[in-house]
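Next come the chains, spelled out residue by residue.
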Amino acid sequence: MTFHRLLCLSASLTALTFGGLTPHIAQAQAVASRAVDIDIKAGSLDTALVQLSRLTGVQIVADPSLTSGKRTAGFTGRLSLDQALTRLLHGQSLAYTLKGQVVVIRAGQVQTSAPVARTAATAATVARAEAPATDTPVEEVVVTSFRNSLSKALNEKRRATNVVDVINAEDIGKFPANNIAEALQRVPGISITRDRGEGLFVRVRGLGPNFQNVTIDGRSAAVNENVRDSGQSGRQFRFDTLATEMVSGVEVIKSPLAAMDEGAIGGTVNLRTFKPLDFKRPTSALSLTSTYVELAKKADPKMSGLWSWNNEDRTLGVLVSANYGIRSLRSDRITGVSWTTGKIDVNGDGVTDTTYVPSAVRPTLETERRERWGVSAAIQWQPREGTEIALSHIYSHLDDFYDERTYSADFVLSSLVANTGQVRDGALVGGRTSSTSTQIGREIDYLIHDNQLTDLSLKQKLGAWDLSGSVYVARAYSNTDKPITRTRVLGQSGGLDFSLPQVGEGVPTLTFLTRSLSDPILPFRRLEWRVNDSLDEENAVQFDAQRALSFGPFSQISAGVKFRDRSRRYNRRDINFTKDLSGKTIGGNNTLFGRDFYDTIDVDNFLGEVGATLPATWLSPNRDRFVAILDMSAIANTAPARGDLRNSYYVAEKISAAYTAADIDTQLFGRTLRGEVGVRYAETEQVSQGHADNGTAALPVRFEKTYRDTLPSLNLVYELSERVQLHAAAAKVITRPSLADLSPRLTLNSSGTVFTAVGGNPLLDPFEANQYDVTAEWYFAPGSALIGGLFYKDITTFVYNQNTPIVIDGQTYTLTAPVNGGSAWVKGMELAWQQNFRDLPAPWDGLGALASYTRTDSEATYSPTLIDKMQNVAKNSYNLTVYYEKNRLGARLSYAWVDDVLASVGTGGLASLNDKAYGSLDGNVSYKIDDQFTLVIEGQNLTNEAQWQFTQNGQFGGYTFNGRSVSVGVRGKF
């Protein structure tokens, strides 16, 4: 018989072998008769068995199909193991076998009709009677396979009071993906945002990353900012900053409990890390991997290790883990595509027609080297019964070197040659111009992202009360280790043939008729110099208390308070250098610099995957050669300029919160009804500081705002049968605006004749919503389920971006800034299926599968006259995973797909690029060499899919290709 669940503190982490053990009667008598103080609360049988294992120090093993969904009454007293098991299993159609220090739960009946104590001699007799007739050894308890990680996650979902989905690591350093965000794709309702082929942000139920909370072990995670292009991610956690080797599991919480931090209309993503007392015995693990990135033609190393120790009675534990890895990336892209409306003479007949016209195309080659390392450490100490002190620290570091080389074709449509224009669906998509403006640029960045969390916690049992407290500090620092530099040359490149295909059918064709981009043909424009840093911090203290309760339907009461001090300090400084060391503006009068001021593109087959017809190699400015002749004295000799003051800001929040909740555990129509009802109150004091521009000068400003929220929540689970249950949840929730949106910042951008600006708004209100969930869950077989759910979010206040004109120094800019909007709603459904096929004949009994589908619809009132879909909400998404595990072999294929995502609604959307539907296929094959070592081969984006963008009138908007990658590694556990 093979058992799949170890119900003790080390359940999900340790593979234990009991083969060869025989029932020693004397040992069984000693174990069964040893009395200890036991206090077990009414609730699920799984939880009660875990508590009993902790209190007695005895390993308790059970097949999840026998215990899942079963309930038991609580009891208190000084009891033997035998007495406690008899009470727990009474009326459950379960019995147990006692083998030395191991209890095995099995189907059967405890030999008593009432919760009466059994003698040690009787226990020994039962042990003999229940042992296999041939003394067959109990097989290995397998808890480290992909199949069993799925079963464990499904059981956690089944036992949860609220709507939650879980992913567990298969073993130490064995998270089921190379990126946490990418693993989350298989959770119903989850899709991700990618950056250069790697998962970066997470969407829950179609809502963008700004609607989610990300926590680490229940503590708010600090957020690294986008300092490369100053795009201002806000509160969005960057999943590329944290290595998967540091994570033991992830919870996606879709309906909140009162004790949880407010701030997530979409959901809360909680990352769980390893703790020393999770392990039954001292343990160490090591993983070595090499990843080959096909497009970059680079093989990168990755390694991780973990060491955990605990004393014999498991009252003191210490854990240290570390990881290091390099990831080389290459992206072949078409960016900078923009469309507008214009009147042009397409046919050369002297009649100007209004049509959609393209403004520019920018082929771009990006290469990147990400070096990531991290360490985590934890100490757990239980000096006496009912007391636990824990100290943990997690630190991750990401070094990112980025090199972008690009050129542009800026269409001068006034020079369109007669009778060459090609029109499709009212848009000019091709033709020949006699004049073209071209900019060739080189950007080089050295970026650093640090993220850390230190937490000190105390748990104390005081009479009937369970008390806990925590103090933690979270810090995320993002910095340009060396200044960002963008070297630009700009000028006329002559005649051009161009053609823009339909999105998904190819990339634009560009043929330069007059000049070659492989010659130094353009005068110097400028060297842009930028330093940028962001410090995100949170200091928090919280206290929680709970106790068992017997009052009507209520089984427990809990309450707590939390104080958070959150701040974001953001600094940016920009200088443009255009003069040489003598003070003369260089590049004027079409002065050209020689070949030694340029580098040749050194990659093969640029945009070859899509069969592009355009210059695949060109001369790229050499930054160092231009720096050598430029007057860089302004860096040291000038104070921050007016624009620097407008771009920098400080935002702080002091958040005080309190909650109270009561657990429900009762009978309704003869079936179990459980859940929680609670309320959370939060008061937010907000301060925004920066500089505002009055049109001629940047002036210091400070804004203060205080708002209060009362957030009730209700979560119910009704068990229709042992295999079917209904979840229902309702709550009022909020999402605070992005910290960047709350800042009084103003960033001006100008390129040619286009003048735009981006600003913040310190007076924004938080998003508010009432949300409702109903889920039906059918656990039709061990490790298998069919789940369907409906959700609805009524967003009563929300924030959206509004475009308005603003005049700075006499120039009119189009300002995009957030404003308080009207109402909105999001509704949808989720379907999930998970099944292992162990009942099939061999060898097909190793098969298993899981799949999910999410459909989301939305509507928002942006103004009294404008009602449209919400931005950045994908309508459909699905994923499918098929796996096989048999003996030493394991394999799986996973495909995830997400629908079109619109970045602009309510207008023509010509300036906004929308993401085309995208699907990715990943695979994994593993072979267990022996009990300690496993060989693993993994592949990502096996089908070489590219990401496409389109404008809202359906025209081509962009293309990004990163290619596939393949990893080979070995994992060892000792």
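Residues numbered from 1 in each chain as written. Predicted model: local features only at pLDDT ≥ 70, side-chain atom pairs only at ≥ 80, totals over all residues. Heavy atoms only, no water.

(A) Up close: the overall build of the protein chain. Assigned secondary structure in the protein chain consists of 10 helices and 51 strands. Taken over 974 residues, the protein chain has a buried fraction of 55%. In the protein chain, the proportion of contacts linking residues at least 24 apart, taken out of those at least 6 apart, comes to 72%. As displayed, the protein chain offers around 38,300 Å² of accessible surface, 55% of which is attributable to carbon and sulfur atoms. (Helix = DSSP H or I, 4+ residues; strand = E, 2+ residues; numbered from the N terminus. Buried < 20%, exposed > 50% of the residue type's maximum accessible area, 1.4 Å probe, protein only. Contact = heavy atoms within 4.5 Å. Areas by Shrake-Rupley, 256 points an atom, 1.4 Å probe, with all protein chains shown as cover.)

(B) Spotlight on the confidence of the model for the protein chain. For the protein chain, per-residue confidence averages 85 on the pLDDT scale, and residues scoring 70 or more make up 90% of the total. Counting interchain partners and residues more than four positions distant, the pLDDT-below-50 stretch residues 1-28 has 92 contacts. In this model, residues 111-143 is a region of pLDDT below 50 whose contacts with residues beyond four sequence positions or in other chains number 70 contacts. (pLDDT = per-residue confidence, 0-100.)

(C) Representation of the packing of aromatic side chains within the structure. All told, the structure shown has 23 aromatic pairs when counted by the stated rule. For the ring pair F211 and F767, a centre distance of 4.9 Å and an interplane angle of 70 degrees mean the geometry is edge-to-face. Residue F211 is found in the loop between β10 (198-204) and β11 (212-216), and its partner F767 is found in strand β37 (residues 767-781); the two are separated by 556 residues along the sequence. Here F211 falls in the buried class, since its relative accessible area comes to 6%. (Phe/Tyr/Trp six-rings, centres within 6.5 Å; stacked < 30°, edge-to-face > 60°.)

(D) Molecular detail of helix α4 (residues 81-89). Within α4, seven of the nine residues are buried, which leaves it mostly tucked inside the rest of the structure. For α4, the full list of buried residues reads L81, D82, A84, L85, T86, L88 and L89.

(E) Layout of the side chain of T268. Summarising the element assignment, T268 is placed in strand β14 (residues 267-272). A residue is classified by how much of its surface remains accessible, and T268, at 8% relative accessible area, is buried. Apart from the residues within four sequence positions on either side, T268 is in contact with N213, T215, E251, V252, I253 and M260.

(F) Quick look at the nonpolar core. By size, the foremost hydrophobic cluster in this structure holds 53 residues, and its most contacted members are I334, Y407, F411, F498, L510, W618 and Y959. Sorting elements by how many residues they give to this core places strand β17 (residues 316-344) first, with four residues. Excluding residues within four positions of it along the chain, F498 makes contact with P358, F411, L413, L416, L428, V429, G430, G431, R432, T433, T509 and L510. Counting 33 residues, the second largest nonpolar core, distinct from the first, contains L184, I190, V250 and V269. (Core = buried A, V, L, I, M, F, W, Y, C linked by side-chain atoms within 4.5 Å.)

(G) Representation of the environment of L630 within the structure. Its location among the elements puts L630 in the loop between α8 (623-627) and α9 (634-637). The buried category is assigned to L630, whose relative accessible area is 2%. Sequence-wise, L630 and F577 are 53 residues apart; in three dimensions their C-alpha atoms are separated by 6.9 Å. Not counting the four nearest positions on each side in its chain, L630 is found in contact with F524, L527, F577, T578, K579, D580, L581 and I586.

(H) The sheet that holds strand β13 (residues 249-253), seen in detail. Read across the sheet, five strands follow the order β8-β13-β14-β11-β12 without closing on themselves; strand pairing throughout is mixed. Taken across any chain shown, the strands that pair with only one partner, and hence form the sheet edges, are β8 (164-168) and β12 (219-220). Sheet topology places β8 next to β13; five bridges connect them, and they run antiparallel. Its bridge partner lying in β13, V164 is registered against I253. Its contacts with the sheet place helix α6 (residues 146-159) against β8 and β14, and it is angled at close to 155 degrees to β8. (Pairing = 2+ DSSP bridges. Axes fitted to C-alpha atoms, helices over the stretch in contact; angles between N-to-C directions.)

(I) Structural context of the pattern of salt bridges. On inspection of all chains with the given rule, the structure shows 52 salt bridges. Note that D165 and K157 form a salt bridge whose closest N and O atoms lie 3.3 Å from each other. For the pair D165 and K157, one class covers both residues: buried. Across the salt bridge formed by R432 and D497, the nearest N and O atoms sit 2.5 Å from each other. Residue R432 is located in strand β22 (residues 427-433), and its partner D497 is located in strand β25 (residues 496-499); the two are separated by 65 residues in the primary sequence. Beyond isolated ion pairs, a larger network of salt bridges with shared partners links E225, D261, E262, D536, E538, K562, R564, R566, R568, R680 and R736. (Salt bridge = Lys/Arg side-chain N within 4 Å of Asp/Glu carboxyl O.)

(J) Main features of α6. The first and last C-alpha atoms of α6 sit 20 Å apart over 14 residues, in line with the 20 Å expected at 1.5 Å per residue. The element α6 is largely enclosed, with a buried count of 13 among its 14 residues. (Expected span 1.5 Å × (residues − 1).)

(K) Layout of a nonpolar patch on the surface. A cluster of nonpolar side chains, contributed by L889, V925, Y927, I929, L935, I937, V966 and V968, occupies part of the molecular surface with about 620 Å² of accessible area. Within the residue set of the nonpolar patch, elements represented by two or more residues are β47 (918-928), β48 (933-940) and β51 (965-973). Position of I937 among the secondary structure elements: in strand β48. Its relative accessible area of 40% is what places I937 among the partly exposed residues. (Patch = residues over 30% accessible without salt bridge, like charges linked within 9 Å, V, L, I, M, F, W, Y side chains within 5 Å.)

(L) Inspection of the pairing of strand β42 (residues 847-863) at higher detail. One ladder, built from 13 bridges, connects strand β41 (residues 824-836) with β42; its direction is antiparallel. The residue of β42 that forms the bridge with E830 is T854. In terms of strand pairing, β42 meets strand β44 (residues 876-886) through nine bridges, oriented antiparallel. Looking at the pairing, S852 lines up with N879 of β44. In terms of strand pairing, β42 meets strand β43 (residues 866-868) through three bridges, oriented antiparallel. When the bridges of β43 are listed, S863 appears paired with L866.

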